[in-house]
Amino acid sequence: MDNDAKLKLMQKRIIKSYAWQRDIIIPFSKDFDCTVEELEEVFFNSLDMSSLEALHATHESAQDICLYQKFNADLRLCWFNGTLELISDEDAKNLKMKLVKEVKNGKSYEDALKEGHLELFELLKKEAKY
């Protein structure tokens, strides 16, 4: 077996792993409306060996960042915090981090968002000395 064949085999072993298939390949192939094989080929051709090995870990950490940003958008904190400056940077960050942790611990996003809206309103009232 030559070096290229060995590299291809090692890449396939990584991408065919259970965690990769469950968390990345199958969900994204559905999102992209492509076959699993097509998506695997994109990763084979786009990433070197070290990137392939690290991809699952970077996917996991990116999920937290995306969830944090989703709460920022859905709570309209960019407006309350950034534009109007009614909520401090620290309060906005703490609220988002708390909600991200709750979702990671099993709470539904919708329930956490509802709780976030209630807490945001309490912060607004506190700032307005309601």
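Note that this is a predicted model, so its numbers are computed, not measured.

What counts and how
- Residues numbered from 1 in each chain as written.
- Predicted model: local features only at pLDDT ≥ 70, side-chain atom pairs only at ≥ 80, totals over all residues.
- Heavy atoms only, no water.
- Salt bridge = Lys/Arg side-chain N within 4 Å of Asp/Glu carboxyl O.
- Helix = DSSP H or I, 4+ residues; strand = E, 2+ residues; numbered from the N terminus.
- Buried < 20%, exposed > 50% of the residue type's maximum accessible area, 1.4 Å probe, protein only.

Asker: Quick question: what am I supposed to make of the pattern of salt bridges here?
Answerer: For side chains of opposite charge, pairing can occur when their charged atoms come near one another. The final tally for this structure, using the stated rule, is 10 salt bridges. With its nearest N and O atoms 3.1 Å apart, the salt bridge here joins glutamate 40 to lysine 16. Note that glutamate 40 is positioned in helix H3 (residues 36–46) and lysine 16 in the loop between helix H1 (3–15) and helix H2 (18–31), a separation of 24 residues in sequence. What makes glutamate 40 buried here is its relative accessible area of 4%. Taking the relative accessible area as the measure of exposure, lysine 16 reaches 47% and is therefore partly exposed. Here glutamate 119 and lysine 98 are joined by a salt bridge, their closest N and O atoms 2.4 Å apart. Residue glutamate 119 is located in helix H7 (residues 109–127), and its partner lysine 98 is located in helix H6 (residues 89–104); the two are separated by 21 residues in the primary sequence. Counted as one network, the salt bridges with shared partners bring together Lys98, Glu102, Lys107, Glu115 and Glu119.

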